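Given next are the chains, with one letter for each unit.
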Amino acid sequence: MLWALEQIQQKNKTFVPYGRLLSEIFHQGRMLKVLKISKVVDDNQLGTMVGKYINGSTLYNMCLVKTVIKMDTDLQESNILSNLMDNFPPICKQDPPDVRAHYVYEH
Amino acid sequence: MDFVSLAHHDCDLSSYLRFQDLSGYYSMLDGQSYKNLVKYFWVRAEIYDKHATKAEEDHMVLLHPKLKGKSRAEMGLKKFKRTEIRFNVMEIPINITEEVIGKICRRTIEGAFQWNLNKKTSDWISMVRQSLFKGKKDGNYSDMEKFFRSCCKNVFYPKEEV
């Protein structure tokens, strides 16, 4: 991640790596909760999106299988958020969420 | 990654995930991404490491020349504990450390990989040959295929150092 940061900022590379990893850090770090409580951002501003799955169809596109078998257990795209972890290390100051929400709203 | 569907199409990756303890990481990948927030992160984030602390100390010495040669505590700066990525969104300061990244991947922060894979008996050899070398067994490789072959030998089938 440090290497990618250096490449993007100092060498003007235009790739955006670790999108899902960073989104999960913001979610688990309770940062998104604060932004949503303060109602200063919505899903459009955050650019909320869901990626595509790698499954049997991908193998077909890579010419590794000749037929794709659809199954009931195939994963579908969904907007379900993962559960918050209890012992996640803090990424920002641990003020009560409503205090932080008020602070964000003020700024 | 839909591992059930891949296994059903003769591409079972579960043994590799077990060795590398990455099943938690891949289950984490299923979910929403916040495109604009992530782009904002990459433009604005800063690395806080030993070089940054040195710059911080130099700045303090420039402002107050009497502090030259003093410790960080004497300069009124916090002790450097670990490398961090610092980021600021809507006035909320955020610090991302190695511990946070390990926790989000649902695994320990040490790496793990599988030693001594046999390139002749590996289950993957036919799939690698099909996808990288268009099914060719040997000889008549283009330069790019020679490069892939070298990568396969050195990266996917590493030998244990004695």
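Residues numbered from 1 in each chain as written. Chains lettered and ligands numbered in written order. Predicted model: local features only at pLDDT ≥ 70, side-chain atom pairs only at ≥ 80, totals over all residues. Heavy atoms only, no water.

Student: An account of the pairing of strand β4 (residues 92-96) of chain B is requested, with residue identities and associated values reported.
Tutor: Residues and elements named next belong to chain B. The alternating pattern of β4 places Ile92, Ile94 and Ile96 on a buried face and Pro93 and Asn95 on a face that is not buried. Inspection of the sheet shows strand β3 (residues 84-89) paired to β4 by five bridges, in the antiparallel sense. Residue pairing for β4: Ile85 is matched across the bridge by Ile96. As consecutive antiparallel partners, β3 and β4 are separated by two residues, and within that stretch Met90 has a phi angle of approximately 50 degrees, a positive value. (Buried < 20%, exposed > 50% of the residue type's maximum accessible area, 1.4 Å probe, protein only. Helix = DSSP H or I, 4+ residues; strand = E, 2+ residues; numbered from the N terminus. Pairing = 2+ DSSP bridges.)

Student: Let's hear about helix α4 (residues 35-44) of chain B: which residues, and what values?
Tutor: Residues and elements named next belong to chain B. Turning to α4, its buried residues number three or more, namely Leu37, Val38, Phe41 and Trp42. For α4, the angular spread of buried residues about the axis comes to 135 degrees, placing them on one side. Counted as exposed and oriented over 90 degrees from the buried face of α4: Val43 and Arg44. (Arc of directions from axis to C-beta.)

Student: Can you explain the nonpolar core? Please cite residues and give values.
Tutor: The biggest cluster of nonpolar side chains holds 34 residues, and the ones touching the most others in it are Phe41, Trp42 and Ile94 of chain B. Elements represented by at least two residues in this core include exactly α1 (2-10), α2 (19-28) and α3 (31-37) of chain A together with α4, β3, β4 and α7 (98-104) of chain B. Setting aside its immediate chain neighbours within four residues, Phe41 of chain B contacts Leu22 and Phe26 of chain A together with Ile85, Phe87 and Ile96 of chain B. Core analysis: the second largest hydrophobic core is formed by 11 residues, Cys11, Met127, Phe133 and Tyr141 of chain B among them. (Core = buried A, V, L, I, M, F, W, Y, C linked by side-chain atoms within 4.5 Å. Contact = heavy atoms within 4.5 Å.)

Student: Run through the packing of α1 of chain A against α4 of chain B, naming residues and quoting values.
Tutor: Where α1 of chain A meets α4 of chain B, the axes come as close as 8 Å, and the angle between the chain directions of the two elements is 80 degrees. When the axes of α1 of chain A and α4 of chain B are compared, the pair comes out roughly perpendicular. Only Trp42, Val43 and Arg44 of chain B of α4 of chain B make contact with α1 of chain A, whose side of the interface consists of Ala4, Leu5, Ile8 and Gln9 of chain A. Across the contact of α1 of chain A with α4 of chain B, the residue classes tally to five nonpolar, one polar and one charged. (Axes fitted to C-alpha atoms, helices over the stretch in contact; angles between N-to-C directions. Parallel < 35°, antiparallel > 145°, perpendicular 65-115°, else oblique. Nonpolar A, V, L, I, M, F, W, Y, C, P; charged D, E, K, R; others polar.)

Student: Could you give an account of the interface of chain B and chain A, naming the residues involved and the relevant values?
Tutor: Between chain B and chain A, the residue contacts involve 49 residues of the former and 59 residues of the latter. It is Gln32, Tyr34 and Trp42 of chain B in chain B that bury the most area against chain A; as a group they hold 17% of the surface buried on that side. Our count for the contact surface shared by chain B and chain A stands at one salt bridge. Along the contact surface separating chain B from chain A lie 16 residue pairs in polar contact (both at pLDDT 80 or more). For the side of chain B that touches chain A, a count of residues per class yields 28 nonpolar, 11 polar and 10 charged. Pairing of strand β1 (residues 48-50) of chain A with strand β1 (residues 32-34) of chain B involves three bridges; the strand directions are antiparallel. In the strand pairing of β1 of chain B, Thr48 of chain A is matched with Tyr34 of chain B. (Buried area = accessible area lost by both parts, 1.4 Å probe. Salt bridge = Lys/Arg side-chain N within 4 Å of Asp/Glu carboxyl O. Polar contact = N/O pair within 3.5 Å; in protein donor to acceptor, adjacent residues only side chain to side chain.)

Student: Help me get a handle on the pairing of β3 of chain B, residues and values and all.
Tutor: In this sheet, β3 of chain B lies alongside strand β2 (residues 46-48) of chain B in antiparallel orientation, the contact comprising three bridges. Considered in β3 of chain B, the bridge of Tyr48 of chain B is made with Glu84 of chain B.

Student: Which residues make up the sheet that holds β2 of chain B, and what values go with them?
Tutor: Residues and elements named next belong to chain B. Spatial ordering of the open sheet is given by β2-β3-β4, a layout of three strands whose pairing is antiparallel. Every other strand in the sheet has two partners, leaving β2 and β4 as the edge strands with one partner each. The average undirected angle you get between the axes of adjacent strands in this sheet is 30 degrees. Packed on one face of the sheet, α4 meets β2, β3 and β4 and runs near 120 degrees to β3.

Student: An account of the packing of α2 of chain A against α4 of chain B is needed here, citing residue identities and associated values.
Tutor: One way to put it is that α2 of chain A packs onto α4 of chain B with a least axis distance of 9 Å and a crossing angle of 95 degrees. When the axes of α2 of chain A and α4 of chain B are compared, the pair comes out roughly perpendicular. Residue-level inspection shows Gly19, Leu22, Ser23 and Phe26 of chain A of α2 of chain A in contact with α4 of chain B, the latter providing Leu37, Val38, Phe41 and Trp42 of chain B. Taken together, the residues of the contact of α2 of chain A with α4 of chain B break down into six nonpolar, two polar and no charged.

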